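Chain by chain, the residues run as shown.
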Amino acid sequence: MKFVFVLAIFIVCAAAVTILKVKNTRQCKAEGGICKQTCAVDEEDTGRCCRHSYRCCQPTPCDDTLQYKLCTDINGLTKPVCVNEADTGIGPFCNNNRCCACNSTCGGTFNGPDGSFASNRYPSNYCNNHDYCIYNITVKKGSRVMLNFTSFHIEDNSDSVGVYDGEISRDTYLASLTGGPKEGIEFTSTSNTMIIRFYSDSSIVYSGFNVSYQTLQ
């Protein structure tokens, strides 16, 4: 009789251990862990996983703080894919985004009878350290250019947009624009060419500018 009682206790305890083992193992797996004898250096030990003192080993919690700082220090943005930016190789982050550095390519030549253009990345913020981007507008000879800043917002005083009539020189300097936000700023050339020169320093940035132009006879 005593033997039967001891056997019954053993069976109940074994069943309890089995249930506990299954429960803890499932809990470990449900939380993304794996039962191992020893957790690797890049894993987090969350506790016992029942069988033979196995541990529940989970991936180290994701912390992108340092990576994000490196990204923003080089004027980067986090995106799933870098399109008009340079992929710096920083990342992927916890959300698999990349660090897309600000593409400082800017300026251009415009020869159509009318058209429009904008600062780099508009309406997102332009990049720092634009070193005099040149936008050159040339229409049909004998005509003039009418220019309209439909949107304008740059760092006050430190960043600037110079507007020139015909060529970049002191004699053809029409205006220096800064600050904002503002809109509807118009200029008319005396020749068939107008030039915009944009400069930004290494600090604050805004949305920049959007410009439309047309030919005047």
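Residues numbered from 1 in each chain as written. Predicted model: local features only at pLDDT ≥ 70, side-chain atom pairs only at ≥ 80, totals over all residues. Heavy atoms only, no water.

Under an unreviewed UniProt entry, the name given to the chain is cubn, and the source organism is Mytilus edulis.

**With respect to the sheet that holds strand β3 (residues 55-59)**
If you walk across this open sheet you meet the three strands as β1-β3-β2, and the pairing is antiparallel. Each edge of the open sheet carries a strand with a single partner, namely β1 (34-36) and β2 (43-48). Across the sheet, the axes of successive neighbouring strands diverge by a mean angle of 40°, strand direction being ignored. Pairing of β1 with β3, which is carried by three bridges, proceeds in the antiparallel orientation. Directly across from C35, in β3, lies its bridge partner C56. (Pairing = 2+ DSSP bridges. Helix = DSSP H or I, 4+ residues; strand = E, 2+ residues; numbered from the N terminus. Axes fitted to C-alpha atoms, helices over the stretch in contact; angles between N-to-C directions.)

**Topic: the pattern of salt bridges**
For the structure shown, the criterion picks out five salt bridges. Note that R55 and D45 form a salt bridge whose closest N and O atoms lie 3.1 Å from each other. You can see R55 sitting in strand β3 and its partner D45 sitting in strand β2, a full ten residues away along the chain. Looking at R55, the relative accessible area reads 25%, which means it is partly exposed. The closest approach of N and O atoms between K79 and E85, which form a salt bridge, is 2.6 Å. Using a relative accessible area of 28% as the deciding quantity, one classes K79 as partly exposed. (Salt bridge = Lys/Arg side-chain N within 4 Å of Asp/Glu carboxyl O. Buried < 20%, exposed > 50% of the residue type's maximum accessible area, 1.4 Å probe, protein only.)

**Considering the packing of aromatic side chains**
Here the structure, examined in full by the defined rule, presents twelve aromatic pairs. Aromatic pair Y126 and F198: ring centres 5.1 Å apart, planes at 90°, arrangement edge-to-face. Taken together, the residues span a long stretch of sequence, with Y126 in the loop between β8 (114-118) and β9 (133-138) and F198 in strand β14 (residues 193-199) at a distance of 72 residues. Relative to F209, the ring of F149 has its centre 6.0 Å away and its plane inclined at 75°; by these criteria the two rings are edge-to-face. Remark: F209 occurs in strand β15 (residues 208-216) and F149 occurs in strand β10 (residues 144-153); sequence separation between them is 60 residues. Taking relative accessible area as the criterion, F149 reaches 0% and is therefore assigned buried. When its relative accessible area of 0% is taken as the criterion, F209 is described as buried. An aromatic cluster is defined as three or more aromatic residues linked by ring pairs; in this entry it consists of F110, F117, Y126, Y135, F149, F152, F187, F198 and F209. Over the aromatic face of Y54 sits the side chain of R51, whose NZ or CZ is 5.5 Å from the ring centroid. (Phe/Tyr/Trp six-rings, centres within 6.5 Å; stacked < 30°, edge-to-face > 60°. Lys NZ or Arg CZ within 6 Å of the ring centre and 35° of its normal.)

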